[in-house]
Amino acid sequence: SNRTDNPRTEIYVVNVDGLSGTFAVKIPSAPPARTAFTASALTISPTEVAVGETVTIGARVTNTGDISGSYTVTLKVNNVVVETKAVTVAGGASQTVTFTTARDVAGTYSVTVDGLSGSFTVKVPVVPPKPVNWGLICGIVAAVIILGLILWLLVFRRRTA
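Here we summarise the structure given alongside this text. (Residues numbered from 1 in each chain as written. Predicted model: local features only at pLDDT ≥ 70, side-chain atom pairs only at ≥ 80, totals over all residues. Heavy atoms only, no water.)

## Focus: the sheet that holds strand S10 (residues 107-113)
With respect to topology, five strands assemble into an open sheet ordered S5-S11-S10-S7-S8, the strand pairing being mixed. The sheet is open, and its two edges are formed by strand S5 (48-50) and strand S8 (80-89), each paired on a single side. Each strand of the sheet is rotated relative to its neighbour by a mean of 25 degrees, with strand direction disregarded. Of the strand pairs in this sheet, strand S7 (residues 69-77) and S8 are connected by nine bridges, and their pairing is antiparallel. Counted as the bridge partner of Val77 is Val80 from S8. (Pairing = 2+ DSSP bridges. Helix = DSSP H or I, 4+ residues; strand = E, 2+ residues; numbered from the N terminus. Axes fitted to C-alpha atoms, helices over the stretch in contact; angles between N-to-C directions.)

Next up, the structure:
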């Protein structure tokens, strides 16, 4: 015979040759449902940009728990919080979170997203020198030579006249 007095304990009655007795079996309760989040797969693209250009930073957030839950992902640049994003991830699922940032000063910047770290470099763009306009320079030189010849002829003719 089987009867349940408590959802966590089952009581059994046993009869053997007119003798009876009982014993209880404790059923372990299910662990409570939980959420547990981890961040992985940090990406920084591109890792080198010009001043003012955008860098995209991403990380994969995984909920290793049983139930859906919310988690806040924090982006830090040079140990300063730049942005936070709240995401909801189902139990056992992953989601990629992306941030964008840009810097106006050249240098190397460290990036941290929930314990994951990397860096990107901002450079001042190199402006190529403008090509020399040889046509303009030759034209000016030719004009100066012609003007010099005209003046010389005018002065020389006056002296001979």
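Structure shown, so let's carry the discussion forward.
## Here we look at the nonpolar core
Counting residues in each nonpolar core, the largest one holds 19 residues, and the members touching the most others are Ile57, Val73, Leu75, Val111, Val113 and Phe120. Every element with two or more residues in this core is listed here: strand S4 (37-45), strand S6 (54-63), S7, S8, strand S9 (94-102), S10 and strand S11 (116-123). Ranked by the residues each element gives to this core, the list is headed by S6, at four residues. Contacts of Leu75, omitting those with residues within four sequence positions, involve Ile57, Val80, Val81, Val82, Glu83, Phe99, Val111, Thr112 and Val113. (Core = buried A, V, L, I, M, F, W, Y, C linked by side-chain atoms within 4.5 Å. Buried < 20%, exposed > 50% of the residue type's maximum accessible area, 1.4 Å probe, protein only. Contact = heavy atoms within 4.5 Å.)

By themselves these figures say nothing about function.
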